[in-house]
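# Coordinate analysis (summary)
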Amino acid sequence: LIPIKLLKAILVAGLLAMSTASAYTLEAFAFEDPAQATAFRELIEKLRCLVCQNESLSGSQAELAQDLREEVYQRFRAGEDRDEIVDFLVARYGDFVLYDPPLKPSTYLLWFGPFLLVAVGAFFLIRTLLRKRQDPEEGLSESEQERLQALFVPSGSGRDGRNGQGGRNRPDRDGSDRPPPQ
Amino acid sequence: VRASLRSFTPLILFLGLVVLLAFGLKTDPRKVPSPLVGKPAPEFSLPALQDPGRTVSDADLAGKLSLVNVWASWCVSCRAEHAELMRLSREEEDLQILGLNWKDDLVSATRMLRTYGDPYLVSAFDPDNRVGIHWGVYGAPETFVVDFEGTIRYKHIGPIDRTVWEQDLRPLIQTIRTQATRAEP
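Described in the following lines is the structure provided in the data block.

### Re the side chain of Glu142 of chain B
All names here are of chain B. Within the secondary structure, Glu142 is located in strand S6 (residues 142–146). Looking at Glu142, its side chain comes within polar contact range of the main-chain nitrogen of Tyr138, at 3.1 Å. Among the polar contacts listed, one links the side chain of Glu142 to the backbone nitrogen of Gly139, at a separation of 3.3 Å. Leave out the neighbours within four places in its chain, and Glu142 touches Val68, Asn69, Val70, Gly136, Val137, Lys155, His156 and Ile157.

### Some thoughts on the interface of chain A and chain B
Contact residues are listed per partner, giving 17 residues for chain A and 18 residues for chain B. Around 1,500 Å² of area is buried between chain A and chain B when both sides are counted, 51% of it from carbon and sulfur atoms. The largest share of the area that chain A buries against chain B comes from Asp67, Arg92 and Tyr93 of chain A, three residues that together contribute 35% of it. For the salt bridge of Glu71 of chain A with Arg130 of chain B, the shortest nitrogen-to-oxygen distance reads 2.7 Å.

### Some thoughts on the state of the cysteines
All names here are of chain B. Under the defined criterion, the tally for this structure stands at one disulfide over all chains. Across the disulfide from Cys75 sits Cys78; the S-S distance is 2.2 Å. Here Cys75 and Cys78 share a disulfide; its torsion about the S-S bond, 85°, makes the bridge right-handed. The exposure class of Cys75 is buried, given its relative accessible area of 3%.

### Let's talk about unusual backbone geometry
Residue and element names in this part refer to chain B. Here the amide bond leading from Ala140 into Pro141 is cis, since omega sits at 0°, within 30 degrees of zero. With respect to the helices and strands, Pro141 occurs in the loop between helix H4 (130–134) and S6. A positive phi is found at Lys103, a non-glycine position, where the angle reads about 50°. By secondary structure assignment, the location of Lys103 is in the loop between strand S4 (95–102) and helix H3 (106–116). In this structure, Asn129 takes a positive phi of about 60° despite not being glycine. Along the chain, the position of Asn129 falls in the loop between strand S5 (122–126) and H4. Given the relative accessible area of 0%, Asn129 is considered buried.

How each quantity is defined
- Residues numbered from 1 in each chain as written.
- Chains lettered and ligands numbered in written order.
- Predicted model: local features only at pLDDT ≥ 70, side-chain atom pairs only at ≥ 80, totals over all residues.
- Heavy atoms only, no water.
- Helix = DSSP H or I, 4+ residues; strand = E, 2+ residues; numbered from the N terminus.
- Polar contact = N/O pair within 3.5 Å; in protein donor to acceptor, adjacent residues only side chain to side chain.
- Contact = heavy atoms within 4.5 Å.
- Buried area = accessible area lost by both parts, 1.4 Å probe.
- Salt bridge = Lys/Arg side-chain N within 4 Å of Asp/Glu carboxyl O.
- Disulfide = S-S within 2.5 Å.
- Buried < 20%, exposed > 50% of the residue type's maximum accessible area, 1.4 Å probe, protein only.

Structure below.
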């Protein structure tokens, strides 16, 4: 029988080996020109991986992200500039690869939608506030006053036959739960 | 009438919100629309999977009505759509199915076709995703409909089954066929 400790050690070693095998380092992408290296790093931060959509090309371990990083790297090495590479990817994967979508008719809603919502909300808020100021709450009408009085008349002398507690069935003070006197 | 209309405003706003959210829920964010639809198929040149001496290129699309199907032996959904592709290759005579074997290895890809049958006229072998990137491929399976002029007319993301064929692909392919026969004389 193999001791449990040994099994554990093998398991941990295996997991460690797997994790190092899949990780990538930016050092793998060597540039002679440091400015180009910076441009490369900045660009892959701004590009989105299409498989794991909340990760940038820089952060993603997906195979497609690896391929696209390599493609971007090769194009930088071949002397293409940032805009050319972005155009290349957008022509094939659409604006979706960009974390920063361009301003154009199909993205107007995306860019201006939130402001539009705020504007609509502000419009209604201001309108309501102004209206409240213009006609402050009127007092109660005569009949309403009468009803209010009737509701507040002390117990026992209710004109409408109720117990003077707004018609609610509250237990009496002695704690018994009798129905209110009719 | 105005007052009753006003009391309905919250309901109307709520229903609007429901429609908006339902749209958001129904739309699959994993399906990214391809900007290549309506554009000529990208140029490419790759060795054929089963015959490295033969080259598969965009010239194979010229004058033909094609499905370009991205597949791999490691891809479970590709296995799921395989039977439907076999049926199409038997029944749709004027429709050629070109395979783009994507990020796969030669041995398992060949074994898959030998075991389950080969629906493809030919499969281009692209283990390093050199051509896949040019087609904007980001997963398998993906299927492009390419018309007689070599223009990409549609991209389907995910497996093709009978429903997808009947509802999305067949109507489009019929349209392309009638356009072609009208243009001929």
